[in-house]
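An overview of the molecular structure
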Amino acid sequence: MMRATRFGETVEGYTIPVLNEREIRASAGILFLVIFISWMLVIFTSNFILAKFFVTIFLTDFIIRVLVNPKYSATLIIGRWIVHNQSPEYVGAAQKMLAWKIALGLSSTMFILLVVVNSTSIFTGLICLTCLTFLFFESAFGICLG
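Predicted model, so just to flag it, every value in this text is computed and none were measured. (Residues numbered from 1 in each chain as written. Predicted model: local features only at pLDDT ≥ 70, side-chain atom pairs only at ≥ 80, totals over all residues. Heavy atoms only, no water.)

A cluster of nonpolar residues, I63, L67, V68 and Y72, forms a patch on the protein surface that exposes about 350 Å² of accessible area. Of note, I63 is situated in helix α2 (residues 49-68). A residue is classified by how much of its surface remains accessible, and I63, at 33% relative accessible area, is partly exposed. (Patch = residues over 30% accessible without salt bridge, like charges linked within 9 Å, V, L, I, M, F, W, Y side chains within 5 Å. Areas by Shrake-Rupley, 256 points an atom, 1.4 Å probe, with all protein chains shown as cover. Salt bridge = Lys/Arg side-chain N within 4 Å of Asp/Glu carboxyl O. Helix = DSSP H or I, 4+ residues; strand = E, 2+ residues; numbered from the N terminus. Buried < 20%, exposed > 50% of the residue type's maximum accessible area, 1.4 Å probe, protein only.)

Okay, here's the thing in structure tokens:
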């Protein structure tokens, strides 16, 4: 019986737990789009409401991915639905766990600074730009910079 907290899937032909790279790329594209839109709103209108909302969603999504199970992550569920007609491409789950822990750290920092403390600075902008860069490379090129 598979536990709910197991990280990765057991797939015939692979000796290690794996995840579907296509789902992950679709999910990264979704996250990139919402974070990019909120970042543009901050830059052009100085409106931080959507940024705070999306940072909270971003953090929640990565908490679920890292601490519960990736199959329950909302963006991965949407990504799975988007690519359901494509044949899966598997990657090692351990590598994604490391990258997602980095994302969890960055999103936790952003949540504390932007949502809890209500602080905006060059530091929060650089963290956001770093997340956008990671998400862009993952979704567009399939390159995991984490």
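To continue, consider the packing of aromatic side chains. Applying the stated rule across the entire model yields eight aromatic pairs. With 5.5 Å between their ring centres and 55 degrees between their planes, F53 and F54 make a pair best called tilted. Residue class for F53 comes out partly exposed when judged on its relative accessible area of 48%. We classify F54 as buried; its relative accessible area is 16%. On the basis of an interplanar angle of 55 degrees and a centroid distance of 5.5 Å, the ring pair of F137 and F141 is categorised as tilted. (Phe/Tyr/Trp six-rings, centres within 6.5 Å; stacked < 30°, edge-to-face > 60°.)

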